[in-house]
Amino acid sequence: MSGIEGTVRAVSSNGEYSFTKPNRDSITLVPGLGVAGDVHAGVTVKHRSRVAQDPTQPNLRQVHLIHQELFDEVAGQGFEVAAGELGENVTTEGIDLLGLPTGTLLRIGAEAVVEVTGLRNPCLQIDAFQDGLLKQVVGRDADGAIVRKAGIMSVVRAGGVIRPGDTITAELPEGPHRPLERV
């Protein structure tokens, strides 16, 4: 199964720790590291909570992608969220990020390739950004299982510059697909 496509709506990065990330004209992905100049780039974990647990863990959260459709959904509940405001590097449109299996390769633009590692685990900072928003991006399904909707995480396999308007093509892994879990 291949040919799942979408579009880059916005790209964002920040060289300093901050919940939100300013939109950019372009970002450069660096293999094995993440977004050039972004505070979360690196071979080992950079998120503060993960560094506190074990700073030698591999960084499976080099590039964070969120779907524009989530922002449209929460707008219906009275929340106004723009690209980059939830800390993502790439805001997408038209591709079902949450439905992709672990190990999916996303080809973005002319050269860049990221490998999907799992789901973002939303944290309390989302409520500090907008009170009540956390309940909109994480909830429970009919069976009581936690549903995380705040995007996916990935690692950079091939570098390149990506810009708004670039095409995203998903290549699903062979064999049985493993559903996304939090990373």
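Refer to the preceding data block for the structure.
What this report covers is the structure whose coordinates are included nearby. (Residues numbered from 1 in each chain as written. Predicted model: local features only at pLDDT ≥ 70, side-chain atom pairs only at ≥ 80, totals over all residues. Heavy atoms only, no water.)

Focus on helix H2 (residues 68-75)
For H2, the full list of buried residues reads Gln68, Leu70, Phe71 and Val74. Down the axis, H2 shows its buried residues gathered within 155° of arc, on one side only. (Buried < 20%, exposed > 50% of the residue type's maximum accessible area, 1.4 Å probe, protein only. Helix = DSSP H or I, 4+ residues; strand = E, 2+ residues; numbered from the N terminus. Arc of directions from axis to C-beta.)

Focus: the environment of alanine 112
In this structure, alanine 112 sits in strand S8 (residues 112-119). Owing to a relative accessible area of 1%, alanine 112 belongs among the buried residues under this scheme. Sequence separation between alanine 112 and arginine 157 is 45 residues; the distance between their C-alpha atoms is 7.6 Å. In this structure, alanine 112 is in contact with Leu29, Leu106, Arg107, Ala158, Gly159, Gly160 and Ile162, ignoring residues within four places of it in sequence. (Contact = heavy atoms within 4.5 Å.)

Notes on the pairing of S8
Taken across its eight residues, S8 has seven buried, putting it largely inside the fold. When strand S7 (residues 105-108) meets S8, the two strands line up antiparallel, connected through four bridges. When the sheet's bridge partners are listed, leucine 105 is paired in S8 with glutamate 115. A loop of three residues connects S7 with S8, the two strands running antiparallel in sequence, and glycine 109 in this loop sits at a positive phi of about 70°. (Pairing = 2+ DSSP bridges.)

Don't take any of this as a statement about function, it's just geometry.
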